[in-house]
Amino acid sequence: MVLDKAKTLRAAEKYLESGKIAAAIKEYSQIAAVDADDFTALNMLGDLYTRVGNTAEAVVCFHRIAEHYREQGFGLKAIAMYKKIDRLQPNDIEIATNLADLYAQQDLIVEARAHYLAVVDAYNRAGAAQNALETLRKIADLDPQNTQIRTKLADGYLNLGLKREAAECFAEAGQAMVARGACDEALEVFGRALVIQPDDYETLKGVLAAHSARGTADEAAELIEEALKSNPEDHELLTLLADAYFEAEEPEQAERATASLVGGEPGSYLRFTEVARLYVRQGKIAEAVSVVAKITEQMLAERQDSQLLALIDELLASDADNVQALRLVARANWWLRDMDGLKASLERLAEAAQAQDLNDDERYALTQLTRLDPAHEEHVTRLNELGGAIEEEAIESLPEFEVVAAREPEPVASAEEFVSNSQEFTAVNDEATFEWNPVAEVSEEASAPADAEIETGFSFESIVAEELPTTTSEAATEQPADDDRVAAMLRQELESVDFYIAQGYIDIAIDTLELLEQQCGTHPDIIARREQINQLQTGTVPETGASPVIDYGEVAITSDLDIAPASAEPEPEITLNVPLAAAPEKPAEPEPEIALNVPIAAAPENERAPVEMGIDAGLAEIFEEYRASSESEGEAAANGDYETHYNLGLAYKDMDLFEDALEEFQMAASLTSPADGTGRYLQCCNLLGHCFVQTGVPEVAVKWFAKGLSAAHVSDEERMALTYEIAAAYEQAGDLHHALESFTEVYGNNVSYRNVNERVKTLKTRLGEKSTITPPVTRSEQLVN
């Protein structure tokens, strides 16, 4: 029987309205079973399982959604779903690793590092040192310039006998050093890697890069030669060796290495063009011509004629009358059936040969010319003076140009035909032979140095430790010039901190104190709150549930508008659009051994378990360095950018993870200011207010809504919307007088705005006042001022 999805959904909604959660779960389970892509229903099903305490099934639902988002590339939404799983199933290494990876993809370095550190802590407790090192390596990837950590990781791998991983870490550290110009230090680290793996490609590439930057590429070539002794036909090593000799500008050695390379990989013969150019740069034109002659036939056969002619032009630019280079031009034009080019090159060859008294070359060129143009008397006369034309069997067969011109060019019948017909050409200079055997000919010219001892000059001492870089956050708001205003603002914000502490929002209180310290500097009241928080965290003082009395008559309020920009991720939002009965209180969960969903820095010092369990002291030292780095003050405030934190906050809000959304929106707010003219501060205030309303703290929502009014360039429409939200928050907080004042202000500006008329009448009735509307009171302006 086909499921009627719409009917089933309506039934589920009715069950929810009447509080029949088990029946609603049954209906949503049917929808999820027949439509695996209905992630809205699946999310609702997970929430319902959570309400009835069936954590295992809830995790299954949320995990499916999280994996979908991750596979589709919606990283922020995937983070939000994994956070829901993390709260239901703490201490799960896989979930923590997934979260850390996703944070790293979003460039949220602090959050990624915190979760990776939690994973490392878990592996350390289990004695899984190798897994811990692999995770620490991911942390190192977040800060690739920290070479000191890389070298310590390498030492950790060595202690475990993992030589390949150790060599990789040494090589990565060396490459980072080369990138910043520390070539001597890089060579020292590369040397340690080569002791472990003498023929490691990446290490030798780094060695070559460092030596090239120092102008000592010949030393790199020596190391590569040493590595080649155990595997003389290794293509990668031969390529590196040729590169090294090119960098060292040693053309003879470069030619030898290239010949060995081409002997094993014939397709790489074009590297000989680099050898020829190196000879040209050193003024060795004859050697360059010899190299080009070896590859001429191959280049022509593989239609590299344009590159060949360009290369010969470079030779002739250095020696315009080089007879052997001119014969190569004639050969190329003959192959291409270029009649005009052939005539011009033969005439030029004849002139150059005559000037140098090279009669055989001149006679060869004139023989070809007279065959092309028998009526040219000057050529005929000069050829007769030289003894007449070359015998027919000794001259190569020229194409019939009248016929060829009407068809596409085609290669000569065979390479043997040209070789047999050009004996007179090659007899002039053996270096210009067209028989291509680079390995046999080139290797005879220069041989490798005999088993010479190679002096590396490397020192294997430890590198001076480098501290992990820390960053400081930018000021989130402008500091008031007036001392009285500073004092008033400080007092108001400290009241907020007291409220956060009383309600258990310790993280928010800490963030607020950090922002206050950035704005106002060190203050005794700020220090006192920090001590109070520390006492609560360490358990030295019992936490009281009593809320401090806060006068909201003079608070600086911020507002919330429905003006948030669209999320950067177009994936359809998962929203709980079905009315739910009041959720029962969640049972208290035991404190997790590894708090994967909070930064490590939040853990009190005296509650940390030792990380040395099952591992060596070196690994423990690395872990502690990272932990210390993650606790650096101000790092979190500067981590990431506004858009990343803002969009992540939106994703959390969409998933009803309001506490997490608050943290992200506060981070985003700290990266902007009321006067920056972008509207960002107003957006953050708006969403912070709404999230505090959702978490049942309307008093704090009033403050954030009102702060939005202090932003620059607030429009009349935005101001009215902010004031309305302030009024609604006051009403939810039970402050009916202030609610009425703000609603009345909105009413005075627009009597038809939303349902303000009814709200005013209702409040007057509740307060026992007459329903007549009184003149508006600009309560929001009083709050701001």
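What this report covers is the structure whose coordinates are included nearby. This one's a predicted model, so the numbers in the text were calculated from it and none came from an experiment.

### A closer look at the pattern of salt bridges
This structure, assessed with the given rule, holds 32 salt bridges. For glutamate 172, the salt bridge goes to arginine 137, with nearest N and O atoms at 2.8 Å. Residue glutamate 172 is located in helix α10 (residues 163-179), and its partner arginine 137 is located in helix α8 (residues 129-142); the two are separated by 35 residues in the primary sequence. Residue glutamate 172 is classed as partly exposed on the basis of its relative accessible area of 27%. Between aspartate 141 and arginine 150 there is a salt bridge, and its shortest N-O distance comes to 2.6 Å. Accessibility expressed as a relative area gives 44% for aspartate 141, which makes it partly exposed.

### Thoughts on helix α34 (residues 680-694)
Spanning 15 residues, α34 covers 21 Å between terminal C-alpha atoms, matching the ideal 21 Å at 1.5 Å per step. Here α34 lies mainly inside the structure; twelve of its 15 residues are buried. The complete set of buried residues in α34 reads Tyr681, Leu682, Gln683, Cys684, Cys685, Asn686, Leu687, Leu688, Gly689, His690, Cys691 and Phe692. A positive phi of about 80° marks glycine 696, the residue just after α34.

### Brief notes about the environment of serine 230
Among the structural elements, serine 230 can be located in the loop between α13 (217-228) and α14 (235-248). Under the relative-accessibility criterion, serine 230 is labelled exposed at 61%. A sequence separation of 32 residues divides serine 230 from proline 198, and the C-alpha atoms of the two residues are 9.9 Å apart.

### A few points about the packing of aromatic side chains
The relative placement of two aromatic rings is captured by the distance of their centres and the angle of their planes. Evaluated as defined, the whole model comprises five aromatic pairs. Ring centres 5.4 Å apart and planes at 20° place the aromatic pair tyrosine 642 and tyrosine 646 in the stacked group. Residue tyrosine 642 and its partner tyrosine 646 are located together in helix α32 (residues 642-654), separated by four residues, close to a single helical turn. Both residues of the pair, tyrosine 642 and tyrosine 646, count as buried. One aromatic cluster is present, formed by Tyr642, Tyr646 and Phe665 through successive ring pairs. Note that arginine 337 overlies the ring of tryptophan 334, its terminal NZ or CZ placed 5.8 Å from the centroid. Sitting over the face of the ring of tryptophan 704, lysine 707 holds its NZ or CZ atom 4.1 Å from the ring centroid.

Conventions adopted
Residues numbered from 1 in each chain as written. Predicted model: local features only at pLDDT ≥ 70, side-chain atom pairs only at ≥ 80, totals over all residues. Heavy atoms only, no water. Salt bridge = Lys/Arg side-chain N within 4 Å of Asp/Glu carboxyl O. Helix = DSSP H or I, 4+ residues; strand = E, 2+ residues; numbered from the N terminus. Buried < 20%, exposed > 50% of the residue type's maximum accessible area, 1.4 Å probe, protein only. Expected span 1.5 Å × (residues − 1). Phe/Tyr/Trp six-rings, centres within 6.5 Å; stacked < 30°, edge-to-face > 60°. Lys NZ or Arg CZ within 6 Å of the ring centre and 35° of its normal.

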